[in-house]
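The residues making up each chain are set out below.
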Amino acid sequence: AKTHGKNSYVGYRAEMACQARDEFHLRRELGKALETEAITVYYQPKYRTSDGTLSGAEALVRWHHPQLGLITPDRFIPLAERSGQIDQLERVILDNVCRQIRDWRASGLTAPRISVNLSAARVSDPQLPDMVQRHLDRHGIEPQALLLEITESVSIKGMQETIGTLERFARMGIDVALDDFGTGHSSLSYLEQLPIQQLKIDRSFIRDLGPAMPQQAAIVSSIVTLAHNLGLDVVAEGVETEEQLHYVVELGCDEMQGYLFSRAVPADRFERLLGGMRYG
Ligand code: C2E
Ligand code: CA
Ligand code: CA
Ligand code: CA
């Protein structure tokens with residue numbers, strides 16, 4: 001920016017200062033939100049491609065700010081990672097999800113397995129499995145009720161620590177999914193090194209599925225074959241159209257989620273999908 005003259009440099013400085021102020025402000029606001037009910041969890045249903053039945057749901061965090069309205073996680077997760085608030089945020093989310101599962105059960109509903117996203121910054125933390133176990137214990141929930149989603153970027157740094165954490169989860173009986181597959185910079189070779197059970201194909205691959213781009217179907221097909229050869233289940237995310245649905249089924253994905261079926265919705269709306277699955 002410096003080379004574009006004095007004004008733009010000043011503008012650049014002003015913008016930086018403004019961003020820093022924003023970040024500072026938002027960080028303080030997040031601190032307050034974490035102490036109240038302002039952080040909630042929405043649920044996006046996942047379905048089996050084989051018969052279209054509900055297979056689970058992904059927990060997606062939402063922040064309801066009194067003035068700013070609904071703030072999406074893309075805005076505050078990275079902020080929380082920078083500020084160190086991500087630990088507390090993840091505890092709040094896990095507590096929320098575990099309590100919700102317990103409440104559903106208490107009212108006679110069978111909750112499907114709920115996927116919880118873990119921040120890439122946290123997966124090499126050796127304390128993480130104990131933290132998860134504490135939340136399960138507090139609400140009397142068995143580990144199989146959860147599935148944890150980690151992203152590819154995780155495994156590059158701290159590979160050994162990450163494998164250690166994932167092995168702990170495996171011993172606890174918690175399955176782990178590799179999220180956003182195909183968007184990372186890493187090679188395919190570490191896929192077999194990671195003790196995971198599920199692979200989620202990033203929605204950028206699903207978006208371009210169609211007769212106009214046959215090579216895209218070839219790529220997805222190869223990913224599915226690779227994953228199945230490694231014993232992993234494959235989830236297609238970001239299914240938005242009937243055509244994409246057709247491809248996802250045809251190419252052998254095991255599960256799917258996306259706006260075609262439902263957006264992430266508040267717990268009480270998700271609950272209606274569980275109505276048909278009452279005990280006894
Ligand atoms: P993600 O884990 O890849 O989650 C999927 C995102 O795609 C969600 O956005 C979801 O609402 C959106 N999505 C689902 N179906 C479709 C579709 O058909 N089309 C399109 N265009 N989008 C779709 P959301 O909820 O805004 O979350 C964004 C990201 O924020 C997540 O990406 C995840 O990385 C992060 N995140 C969300 N909740 C949590 C959380 O509880 N903990 C952590 N650590 N990260 C979270
Ligand atoms: Ca996810
Ligand atoms: Ca994803
Ligand atoms: Ca993502």
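Thresholds, definitions, all that
- Residues numbered from 1 in each chain as written.
- Chains lettered and ligands numbered in written order.
- Predicted model: local features only at pLDDT ≥ 70, side-chain atom pairs only at ≥ 80, totals over all residues.
- Heavy atoms only, no water.
- Helix = DSSP H or I, 4+ residues; strand = E, 2+ residues; numbered from the N terminus.
- Buried < 20%, exposed > 50% of the residue type's maximum accessible area, 1.4 Å probe, protein only.
- Contact = heavy atoms within 4.5 Å.
- Areas by Shrake-Rupley, 256 points an atom, 1.4 Å probe, with all protein chains shown as cover.
- Phe/Tyr/Trp six-rings, centres within 6.5 Å; stacked < 30°, edge-to-face > 60°.
- Lys NZ or Arg CZ within 6 Å of the ring centre and 35° of its normal.
- Donors = N, O, S within 2.8 Å, 3.2 Å for Na, K, Ca; no water.
- Core = buried A, V, L, I, M, F, W, Y, C linked by side-chain atoms within 4.5 Å.
- Near = heavy atom within 4 Å.
- Nonpolar A, V, L, I, M, F, W, Y, C, P; charged D, E, K, R; others polar.
- Pairing = 2+ DSSP bridges.
- Right-handed = clockwise from strand over helix to strand, strands pointing away.
- Axes fitted to C-alpha atoms, helices over the stretch in contact; angles between N-to-C directions.
- Parallel < 35°, antiparallel > 145°, perpendicular 65-115°, else oblique.
- Left-handed = near helix turned anticlockwise from the far one by under 90°.

- The chain is annotated in an unreviewed UniProt entry as cyclic-guanylate-specific phosphodiesterase from Salinisphaera hydrothermalis.

1. Description of the overall build of the chain
Part 1 of the reasoning: A tally of helices and strands in the chain yields ten helices and ten strands.
Part 2 of the reasoning: The buried share among the 280 residues of the chain stands at 46%.
Part 3 of the reasoning: Expressed as a percentage of contacts within the chain between residues at least 6 apart in sequence, the contacts between residues at least 24 apart total 68%.
Part 4 of the reasoning: Just so you have it, the chain exposes about 14200 Å², and 50% of that area is on carbon and sulfur atoms.

2. Focus: the packing of aromatic side chains
Part 1 of the reasoning: The full count for this structure, using the stated rule, is five aromatic pairs.
Part 2 of the reasoning: Note on Trp63 and Phe76: the rings are 5.5 Å apart at their centroids and 90° apart in plane angle, and the pair reads as edge-to-face. Pair noted here: Trp63 is in strand 2 (residues 54-65) and Phe76 is in helix 2 (residues 73-83), with a separation of 13 residues, a long-range link.
Part 3 of the reasoning: Assessed through its relative accessible area of 0%, Phe76 is described here as buried.
Part 4 of the reasoning: Cluster of aromatic residues (ring-pair linked, three or more members): Tyr43, Trp104 and Phe270.
Part 5 of the reasoning: In this structure, Arg263 is placed above the aromatic ring of Tyr259, and the distance from its NZ or CZ to the ring centre is 3.8 Å.

3. A closer look at the coordination of the calcium ion (ligand 2)
Part 1 of the reasoning: With distances of 2.1 to 2.3 Å, the protein atoms coordinating the calcium ion (ligand 2) are Glu58 (OE), Asn117 (OD1), Glu149 (OE) and Asp179 (OD).
Part 2 of the reasoning: Considered as a linear motif, the donors of the calcium ion (ligand 2) on their single chain read E-x58-N-x31-E-x29-D.

4. Observations concerning the coordination of the calcium ion (ligand 3)
Part 1 of the reasoning: Here the calcium ion (ligand 3) is held by the protein donor atoms Asp179 (OD), Asp180 (OD), Glu237 (OE) and Glu237 (OE), which lie 2.2 to 2.6 Å from it.
Part 2 of the reasoning: The sequence pattern formed by the donor residues of the calcium ion (ligand 3) is D-D-x56-E.
Part 3 of the reasoning: A separation of 3.9 Å is found between the calcium ion (ligand 3) and the calcium ion (ligand 2), both of which receive a donor from Asp179.

5. Comments concerning the nonpolar core
Part 1 of the reasoning: Counting residues in each nonpolar core, the largest one holds 79 residues, and the members touching the most others are Tyr43, Val97, Phe169 and Ile201.
Part 2 of the reasoning: Here the element with the most residues in this core is helix 3 (residues 86-106); it accounts for nine residues.
Part 3 of the reasoning: Sequence-distant contacts of Val97, defined by excluding residues within four places in its chain, comprise Val41, Tyr43, Ala59, Ile114, Val116 and Leu146.

6. Some thoughts on the site of ligand 1
Part 1 of the reasoning: Residues in close proximity to ligand 1 total 21 residues, the closest being Gln44, Arg62, Arg203, Glu240 and Tyr259.
Part 2 of the reasoning: Relative to its unbound accessible surface of 800 Å², ligand 1 loses 86% to contact with the protein.
Part 3 of the reasoning: Secondary structure elements with two or more residues in the shell around ligand 1: strand 2, helix 2, helix 3 and strand 6 (175-181).
Part 4 of the reasoning: Here the residues of the shell around ligand 1 sort into eight nonpolar, five polar and eight charged.

7. Digging into the pairing of strand 8 (residues 233-236)
Part 1 of the reasoning: Bridge analysis of strand 7 (residues 198-201) against strand 8 gives four bridges, and the strand direction is parallel. The residue of strand 8 that forms the bridge with Leu199 is Val234.
Part 2 of the reasoning: Across two bridges, strand 8 lies against strand 9 (residues 255-256) in parallel orientation. Within the sheet, the bridge partner assigned to Ala236 lies in strand 9 and is Met256.
Part 3 of the reasoning: Between the parallel pair strand 8 and strand 9, the chain is carried across by helix 9 (residues 242-250), and the sense of this crossover is right-handed.

8. Some details on the environment of Ala267
Part 1 of the reasoning: Among the secondary structure elements, Ala267 is positioned in helix 10 (residues 267-271).
Part 2 of the reasoning: A sequence separation of 133 residues divides Ala267 from Arg134, and the C-alpha atoms of the two residues are 23 Å apart.
Part 3 of the reasoning: Those residues in contact with Ala267 that sit more than four places away from it in its chain are Val41, Tyr43, Gln100 and Trp104.

9. As for the pairing of strand 4 (residues 113-117)
Part 1 of the reasoning: Sheet topology places strand 2 next to strand 4; four bridges connect them, and they run parallel. Bridge pairing links Gly56 to Arg113 in strand 4.
Part 2 of the reasoning: Summarising the sheet, strand 4 and strand 5 (residues 146-151) pair through four bridges and their orientation is parallel. Bridge pairing in strand 5 places Ile114 opposite Leu146.

10. Looking at the packing of helix 3 against helix 4 (residues 128-139)
Part 1 of the reasoning: Between helix 3 and helix 4, whose axes approach to 9 Å, the crossing angle comes to 30°. Between helix 3 and helix 4, the crossing angle belongs to the class labelled roughly parallel. Handedness of the helix 3/helix 4 crossing: right-handed. Between helix 3, through Glu90, Arg91, Leu94, Asp95, Cys98, Arg99 and Arg102, and helix 4, the contact on the second element is made entirely by Met131, Val132, His135, Leu136, Arg138 and His139.
Part 2 of the reasoning: Here the contact of helix 3 with helix 4 is composed, by residue class, of five nonpolar, two polar and six charged.

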